[in-house]
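Observations on chain architecture
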Amino acid sequence: MENSRPATGYPAPTHNGYPPPNTAYPYSAPPPQSQPYSYPPYYQPPTRRNNLLRPLVVAAVAVTVILGCALLIFWLVVRPRIPEFHLTSLSVSNFSTNQSQVTGNWDAAIEAYNPNKKMRVSYYDVVSGIYYDGNYLTRTPLPPFSQDTRERTPLSAKFSVIDSYVERKVLDSINAERARGAVKFDFRLEAIAGFKYGGWRTRRRLVRVWCPDVPVNVSSKGSGSLVGGARKCRVSM
């Protein structure tokens with residue numbers, strides 16, 4: 001008997017009459033991986049450099065804290081105070097105004113006081129001046145000086161100006177005040193101050209002293225003196 005052809009769509013039988021084994025993959029293909037799996041980074045133990053750096057940082061912080069506490073204790077014990085200045089007298093002579101010019105001589109007496117109980121103070125580059133309503137008229141340097149604790153030091157300054165130019169509105173204001181009996185001048189003083197406690201010195205600081213609106217009764221002859229007695233000046237550091 002002749003072998004008949006197998007039906008369409010079925011595999012040809014083998015010699016033993018069984019169909020051939022199915023070699024196709026029975027499962028669907030695995031999904032593609034978008035990114036490879038990332039493994040945790042390799043742990044590296046701290047190096048010798050890090051072990052040495054940590055004690056240095058701790059030591060620097062400790063030193064900073066100790067110094068801050070020492071300065072705070074020192075500040076509370078010493079308690080530095082701002083010096084005091086008084087303008088005890090101010091006189092003028094040969095004072096005159098002409099068109100836009102001013103001429104005159106001033107004599108000023110100042111008292112400097114160091115109120116500190118434990119700190120000395122020294123002054124350098126001392127300069128004083130006479131102003132009117134904030135406008136500069138004349139100035140002169142003073143010698144440096146030092147003060148012990150609770151010490152009072154008298155200072156004197158002489159000023160002179162000849163035909164110094166001022167604005168017309170300033171001159172008109174001076175003449176108007178003079179006609180009323182007193183001209184209000186401003187006295188100023190600047191210096192570099194340094195404080196000392198034992199062997200410890202502070203950083204030098206700029207001291208500004210000013211006595212605004214000091215009345216001087218200028219007569220018709222161009223002379224006059226301070227009205228109302230001594231005045232306490234303002235001081236800033």
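Residues numbered from 1 in each chain as written. Predicted model: local features only at pLDDT ≥ 70, side-chain atom pairs only at ≥ 80, totals over all residues. Heavy atoms only, no water.

The protein appears in an unreviewed UniProt entry as LEA 2 domain-containing protein from Citrus sinensis.

Our focus in this paragraph is the overall build of the protein. From N to C terminus, the protein includes two helices and twelve strands. Each helix and strand of the protein, ordered N terminal to C terminal, gives the series α-β-β-β-β-β-β-α-β-β-β-β-β-β. Split into buried and exposed, the 237 residues of the protein put 28% on the buried side. Put simply, of all contacts in the protein between residues at least 6 apart along the chain, 70% involve residues at least 24 apart. For the protein, the exposed area adds up to about 17,100 Å²; of that, 55% sits on carbon and sulfur atoms. (Helix = DSSP H or I, 4+ residues; strand = E, 2+ residues; numbered from the N terminus. Buried < 20%, exposed > 50% of the residue type's maximum accessible area, 1.4 Å probe, protein only. Contact = heavy atoms within 4.5 Å. Areas by Shrake-Rupley, 256 points an atom, 1.4 Å probe, with all protein chains shown as cover.)

Taken as a whole, this structure holds eight aromatic pairs when the rule is applied. Ring centres of Tyr123 and Phe145 lie 4.5 Å apart, and the angle between their planes is 25°; on these two criteria the pair is classed as stacked. Taken together, the residues Tyr123 in strand S3 (residues 120–132) and Phe145 in strand S5 (residues 145–147) connect sequence positions 22 residues apart. Take Tyr123 and Phe145: they sit in the same class, and that class is buried. Here the aromatic residues Phe95, Trp106, Tyr132 and Phe185 are joined through ring pairs into a cluster of three or more. A cation over an aromatic ring shows up here: Arg152 above the ring of Tyr113, its NZ or CZ 4.0 Å from the ring centre. The aromatic ring of Tyr131 is capped on one face by Arg188, whose charged end is 4.3 Å from the ring centroid. (Phe/Tyr/Trp six-rings, centres within 6.5 Å; stacked < 30°, edge-to-face > 60°. Lys NZ or Arg CZ within 6 Å of the ring centre and 35° of its normal.)

With that settled, the discussion passes to a nonpolar patch on the surface. Judged by side-chain polarity, Leu53, Leu56, Val57, Val61 and Val65 come together as a nonpolar surface patch covering roughly 460 Å² of accessible area. Relative to the helices and strands, Val61 resides in helix H1 (residues 48–78). (Patch = residues over 30% accessible without salt bridge, like charges linked within 9 Å, V, L, I, M, F, W, Y side chains within 5 Å. Salt bridge = Lys/Arg side-chain N within 4 Å of Asp/Glu carboxyl O.)

The next point concerns the state of the cysteines. Here, disulfide denotes a covalent bond that connects the sulfur atoms of two cysteines. Scanning the entire structure with this criterion turns up one disulfide. The residue that forms a disulfide with Cys211 is Cys233, at a sulfur-sulfur distance of 1.7 Å. Of the two residues, Cys211 is situated in strand S9 (residues 205–216) and Cys233 in the loop between strand S11 (231–232) and strand S12 (234–236); the sequence distance between them amounts to 22 residues. Take Cys211 and Cys233: they sit in the same class, and that class is buried. (Disulfide = S-S within 2.5 Å.)

What follows concerns the pattern of salt bridges. Tallied over the entire structure, the rule returns five salt bridges. We note a salt bridge from Lys169 to Glu167, for which the minimum N-O separation is 4.0 Å. Owing to a relative accessible area of 41%, Glu167 belongs among the partly exposed residues under this scheme. Asp172 serves as the salt-bridge partner of Arg168, at 3.5 Å between the closest nitrogen and oxygen. In this pair, Arg168 and Asp172 are both assigned in helix H2 (residues 168–180), four residues apart and thus about one turn of the helix distant. Judged by its relative accessible area of 39%, Asp172 falls in the partly exposed class.

All right, on to the pairing of strand S4 (residues 135–142) then. Across seven bridges, S3 lies against S4 in antiparallel orientation. The partner of Val127 across the bridge, within S4, is Pro141. Following S3, the chain reverses through two residues before pairing antiparallel with S4; Asp133 in that reversal takes a positive phi of roughly 50°. (Pairing = 2+ DSSP bridges.)

This part covers a positive patch on the surface. There is a patch of like positive charges on the surface, built from Arg81, Lys117, Lys118, Arg150 and Lys232. Within the secondary structure layout, Lys118 lies in the loop between strand S2 (101–113) and S3. (Lys, Arg positive; Asp, Glu negative; His and termini not counted. Charge placed at Lys NZ, Arg CZ, Asp CG, Glu CD.)

Residues Leu87, Leu90, Trp106, Phe185 and Phe187 are the most contacted members of the largest nonpolar core, which totals 42 residues. Contributions of two or more residues to this core are made by strand S1 (84–98), S2, S3, S4, strand S6 (152–165), H2, strand S7 (183–197) and S9. With seven residues, S7 is the largest single contributor of residues to this core. Sequence-distant contacts of Phe187, defined by excluding residues within four places in its chain, comprise Leu87, Ala108, Ile110, Ser128, Gly129, Ile130, Phe159, Val209, Trp210 and Cys211. (Core = buried A, V, L, I, M, F, W, Y, C linked by side-chain atoms within 4.5 Å.)

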